[in-house]
Structure formats: structure tokens, C-alpha cells
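Spelled out from the first residue to the last, the chains are:
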Amino acid sequence: MTIRRTPGRGRLALALSALLGSAVLTALPTQASAAAGPVAVQYRTSATGATADQSEPWLKVRNTGSSTVQLNQVKVRYYFKADSASAGYRFACSWAVRGCAGITGTFGTLAHPTATADRYLEIGFTSAAGTLAPGTDTGDMQLRFYQANWQTLRQSDDYSFNGGQTSYADWNKVTAQLSGATVWGTAPAGNDPTDPTDPTDPTDPPGGGQTLFDDFSYTSHTDPAIAAHGWNIRSNSGGPGVPGATWDPSKVTFTASGGNSVMNLETSTAGTADSTRQTEILTQATKFRNGTYAARVKFSDAPKAGPDGDHLVQTFFTINDLKAPMADDYAEYDFEYLPNGGWGEPSNILYTTSWETYNPDPWQAVNQHSEARQSYAGWHDLVVTIDNSAITYYIDGQLFGTHDAQYLPERPMSINFNQWLIDLAGQTSTTARAYDQQVDYVLHVKDQVLTPAQVAAKVAAYRSAGKAFVDEVPAS
């Protein structure tokens, strides 16, 4: 990507929720609780004070039905009142019976703020979390969230908080959805998770369908077909990454793998800015907006040579330019994998982030993100869909995160891949080392939301027909 994030305590560029405008709070009728369904949620807290350094909503999800529940189809929302209009929050999982790697946390903003809630923390599960047999539960999930600036937060005015609940019990002030339907709990008035303004399962809207597909069947970074097909391999200086590093087109190469041509982005360093080589390829045109974006990407946890430990970022993203600090027509949608941590994270983490805007100095950001702390080494199918109501991220066919309508793009974007180093603090050796990120293909379908299965079918059809490149997307 093209933004250098300023480091601070943790990753300030992530988990900063949207700035809320002033709103008149009106009394709305209380909603009825969801009917008893196949899932129930239990809650307790170990941070009982009216104020705390961090809120600790510990949860269990129970299968109260008669059929097995796939946890990656479950979403739980905990509702709270932001400490200020510009407050940002970060999520963490301290410990879980099934492992924190299978748990995700995403912050969102309520469409209808109330006196006790204008934000929510949505807990989701990856496929690694497994299933729940009838009568079983997830066991302890010791979750927490805190202000991004580590200031004390007030939780006594939070809708879902109960300082007196120090042992697990059913709690209907959190909601649970199963496959998109609310099956447990009562949301703050006017904010049912299944409200039509909320994202639903992907469908194909009418219109659109023009496609960009590239199999990256090129010979080298000097192949004239690369530019002819609308790509630019970056050579200009600047962020993100290590100040003074070189963006080196010669480190973008093409090879065969698994019967397909793949693009390889190599990033290397010997521990100094002068020796650091980073890589990026992006579309020349900024003509992509709503629709489906997909790529098959191979992430690496370790260098192909030399000592490990660098704070590396491996990406697939869309972006347009920031015209001015906090400009409201900026947009960016990221998959970012940090194999060795960085931005305050100690080890593997993958982020998906939807950006509304930011100010580079002093740093201020408006975005929403999902995260998973686990290794993603190897090949992965990455899909993000954008329609008129939500941004939805998938990894390997599984829902990873759904972000709110306020982060939708106002202007078209480019499509980008890059690999770069946050800093040189992760590994201080002066021994040369190099990391690879590979890309098998990229696909964009204009104004249509495809499921991951539909993406795979479309790619397979192009390959069966022998089409290595298609670009039908009109200029914006």
C-alpha cells in the first residue's frame, strides 16, 4: 500500500473506529428479544469497575439446538458507548479454550445511537474454531478491548456491560447471529443486526459484470505486455516502509508453479536502508470501485535465505489517493499479513482493514478492521466484496470480516500488491536475507458480488478457455 503508518503503542492505524457526528437521541420502542434458537451466549466480566484500563467481556457460546453448529457461521455482538466521538479501540483475546487463533474481533458503529451504545465489538470465528455439537459450548473466551491511546475507558454506561456478573450466565444484552439470522439477544433499540442496512449473504445485483482477470503470464519485469495490460511496477521512492529503501522493479519476477504462471515479489535487506529492496505492482488506472476483488496469494513466514525476524508486510489491496488530511472521499481496503509481527504485535497476525480517511501528521485514522493471530504461510484465496451496504472479506472461502457501510468508497481505486518492511527493528543482523510473496492471479468483477465459490468457478473457466488476460472494465 502507499501509506506509511506512524508507529506508537500498538498499531495506531488499525482498530481506530469511525468518528461520530453529533446526533439527537430519540426514544425508540424497546425491541423484543430474539426467539430461543440454536445458539445462546453466556457472559461474565473480570473488570468490574465503572472505569477500567480495558473492558473484559468474557464469553461462551452454547449450542442449545439439536444439530451441529459451524462456529464460522456465528457472530456475537457486544454493544458499548464510545468514550469520545473520535475514540478508537483495539481488540485482543487473552486466552480461549479453543485457542485465540480461531477468534476474530471487529468494531462497528451503530446506525441508530442510543444513550448506552453507539459502537459494537463483533466476535467471529475462523474455520480453525471448529464446530459445536448439541449441548456443548466453546468454553472460556477471555476477551478484552481498550482505547487505542490506552486512556482509561468508562464502561458503566455500556449497554452490554454488567459489573456484577462475575460468573458465567446467559446474557441477552449481547446478540448472536447464525448464518446471518439473529438467534439470541436484544440489540439496543433500533439496531437489530438483521436490519436491512446491515450486510447479508452475498447476492448478484443486476448490472455490471465487466471483468479484469490476469494470470500473470509474463516473462520478466521488462515484458512490454505488463504495461500494455495496465500494470505499473513501482520504482519511485517514498513510503510505506523503511525510509530510504529502494522500490526495485527487478525484484518482480515470474515463474511456473503448480501448472500456472505466478508472480513473485521479493523483498530483501542486509539491515540498512541502503540495502533494503521492496516491491510493488499496481494498476495504472484508478477505475475500480464496487464489486468483487479476488487474488490467490502465497504468504511466507520465513526468508528463503538469511536470518528471520524482520517486520514484513505482505499485501493485496485497493486504494485511491488522499487529496487532503481527513478527506472524506479517500478509500482503501487491505489484506495485510505480518509474519513476524510489527506495529506492536509480537508475532503472526493478518489484518483486513477498511479505511474512510486519515491524517498523516498528527496521526489520526478512521477505519474498521478484523484480525487473526495465526500463521498464514502458504497459498490462500483472498476475496473482498463491496456493494452498497457493506465490505465483506473472505479467506479460503470462509467469512473473515464484515465492515460497515460508512467505509464504502466514494471514488474509484487502483488494485495493488506489495511487500515491504515496517522498520529494521525486528532483525538487526547485517546478514543479507530475502522474503518472497507470490501471486497466482487477480480478478475483479465490476458491480457484482460473487461468492468465493463463484470466484473459483470464474477463474477456472478463464483458464480452461486459455485466457491469461481479460480487461473489460471501462475507464471511470
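Okay, so let's go over this structure. Just so you know, the residues in each chain are numbered from 1, in the order the chain's sequence is written. Thresholds applied to this predicted model are a pLDDT of at least 70 for local features of residues and 80 or more for the giving and counting of side-chain atom pairs; totals over whole chains, interfaces and linings are not thresholded and use all residues. Based on all heavy atoms of the structure, the side-chain values leave hydrogens and waters out of the count.

1. Quick word on the overall build of the protein chain
At step 1: The helix and strand inventory of the protein chain stands at 2 helices and 31 strands.
At step 2: Here, two residues are considered to be in contact whenever any of their heavy atoms come within 4.5 Å of each other. Intrachain contacts of the protein chain at a sequence separation of at least 6 include 75% that bridge at least 24 residues.
At step 3: All accessible-area figures derive from a Shrake-Rupley calculation using a 1.4 Å probe, and residue coverage is judged against the displayed protein chains alone. By element, 50% of the accessible surface of the protein chain is carried by carbon and sulfur atoms, the whole surface being about 17,600 Å². Only DSSP runs of H or I with at least four residues qualify as helices, and only runs of E with at least two residues qualify as strands; both kinds are numbered from the N terminus onward.

2. Some points on the packing of aromatic side chains
At step 1: Pairing of aromatic rings covers Phe, Tyr and Trp, the last through its six-membered ring, and needs centres within 6.5 Å; plane angles under 30 degrees mean stacked, over 60 mean edge-to-face, and all others mean tilted. One pass over the full model with this rule turns up 28 aromatic pairs.
At step 2: Aromatic ring contacts, followed pair by pair, group Y43, Y78, F80, Y89, F107, F145 and W171 into a single cluster.
At step 3: To sit over a ring, a charge needs its Lys NZ or Arg CZ within 6 Å of the ring centre and within 35 degrees of the ring normal. K173 extends its terminal NZ or CZ atom over the ring of Y159, reaching a point 5.2 Å from the ring centre.

3. Here we look at the state of the cysteines
Put plainly, two cysteines are in a disulfide when a covalent bond ties their sulfur atoms together.
At step 1: The definition used for a disulfide is geometric: two cysteine sulfur atoms within 2.5 Å. Scanning the model with the defined rule gives 1 disulfide in all.
At step 2: Two residues share a disulfide in this structure: C93 and C100, whose sulfurs sit 2.1 Å from each other. Between C93 and C100, the S-S dihedral sits near -70°, and the bridge is therefore left-handed.
At step 3: Residue burial is assigned from relative accessible area. The probe radius is 1.4 Å, only protein chains are included, and a residue is buried under 20% of its type maximum, exposed over 50%, and partly exposed in between. What makes C93 buried here is its relative accessible area of 14%.

4. Quick look at the pattern of salt bridges
At step 1: Here a salt bridge means any side-chain nitrogen of Lys or Arg lying within 4 Å of a carboxyl oxygen belonging to Asp or Glu. On inspection of all chains with the given rule, the structure shows 20 salt bridges.
At step 2: The closest approach of N and O atoms between R373 and E345, which form a salt bridge, is 2.9 Å. Highlighted residues: R373 in the loop between β25 (363-372) and β26 (378-386) and E345 in the loop between β23 (332-338) and β24 (349-360), separated in sequence by 28 residues.
At step 3: A relative accessible area of 11% means that E345 is categorised as buried.
At step 4: A salt bridge links R463 to D440, with the shortest nitrogen-to-oxygen separation between them at 2.7 Å. Pair noted here: R463 is in helix α2 (residues 452-464) and D440 is in strand β30 (residues 433-446), with a separation of 23 residues, a long-range link.
At step 5: Overall, R463 belongs to the partly exposed group, its relative accessible area being 25%.
At step 6: With relative accessibility at 5%, the residue D440 sits in the buried group.
At step 7: Through salt bridges with shared partners, one network takes in R90, E345, E371 and R373.

5. Looking at unusual backbone geometry
At step 1: G239 connects to P240 through a cis peptide bond whose omega is 5°.
At step 2: Among the structural elements, P240 can be located in the loop between β16 (231-233) and β17 (246-247).
At step 3: A cis geometry characterises the amide bond from D361 onward to P362, with omega recorded as 0°.
At step 4: Its location among the elements puts P362 in the loop between β24 and β25.
At step 5: At W343, a position not held by glycine, the phi torsion is positive, near 50°.
At step 6: With respect to the helices and strands, the residue W343 is situated in the loop between β23 and β24.

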